[in-house]
Amino acid sequence: MPDDAGGFFHVASGSPEGKDMAGMICESPVDLSDGWWLCGMKL
């Protein structure tokens, strides 16, 4: 069941932009460094 959840991603190479996050597409991810990204949430 899609819930439009945002969250943290660990991606070794590049951005998670465009990834499906249980019904919501990751747009404008925030680079947290060391391969960690935040998408669909505010800091």
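What counts and what doesn't
- Residues numbered from 1 in each chain as written.
- Predicted model: local features only at pLDDT ≥ 70, side-chain atom pairs only at ≥ 80, totals over all residues.
- Heavy atoms only, no water.
- Helix = DSSP H or I, 4+ residues; strand = E, 2+ residues; numbered from the N terminus.
- Buried < 20%, exposed > 50% of the residue type's maximum accessible area, 1.4 Å probe, protein only.
- Contact = heavy atoms within 4.5 Å.
- Disulfide = S-S within 2.5 Å.

### Some details on the overall build of the chain
Line of reasoning, step 1. Across its full length, the chain carries 0 helices and 5 strands.
Line of reasoning, step 2. On the principal axes, the C-alpha backbone points of the chain span a range of 30 × 20 × 15 Å.
Line of reasoning, step 3. Looking at the chain residue by residue over its 43 residues, the buried ones come to 23%.
Line of reasoning, step 4. By sequence separation, contacts in the chain at least 24 residues apart represent 33% of the contacts at least 6 residues apart.

### A few points about the state of the cysteines
Line of reasoning, step 1. According to the stated counting rule, one finds 1 disulfide in the structure shown.
Line of reasoning, step 2. Between the sulfur of C26 and that of C39 lies a disulfide, 2.1 Å long from S to S. Every disulfide takes its handedness from the sign of the S-S torsion; for C26 and C39 that torsion is 120°, giving right-handed. Of this pair, C26 sits in the loop between β3 (24-25) and β4 (30-33) while C39 sits in strand β5 (residues 36-39), and the two are 13 residues apart along the sequence. In this structure, C26 and C39 share a single accessibility class: buried.

### Focus on the environment of S28
Line of reasoning, step 1. Here S28 is to be found in the loop between β3 and β4.
Line of reasoning, step 2. Residues S28 and P16, 12 residues apart in the sequence, show an inter-C-alpha distance of 9.1 Å.

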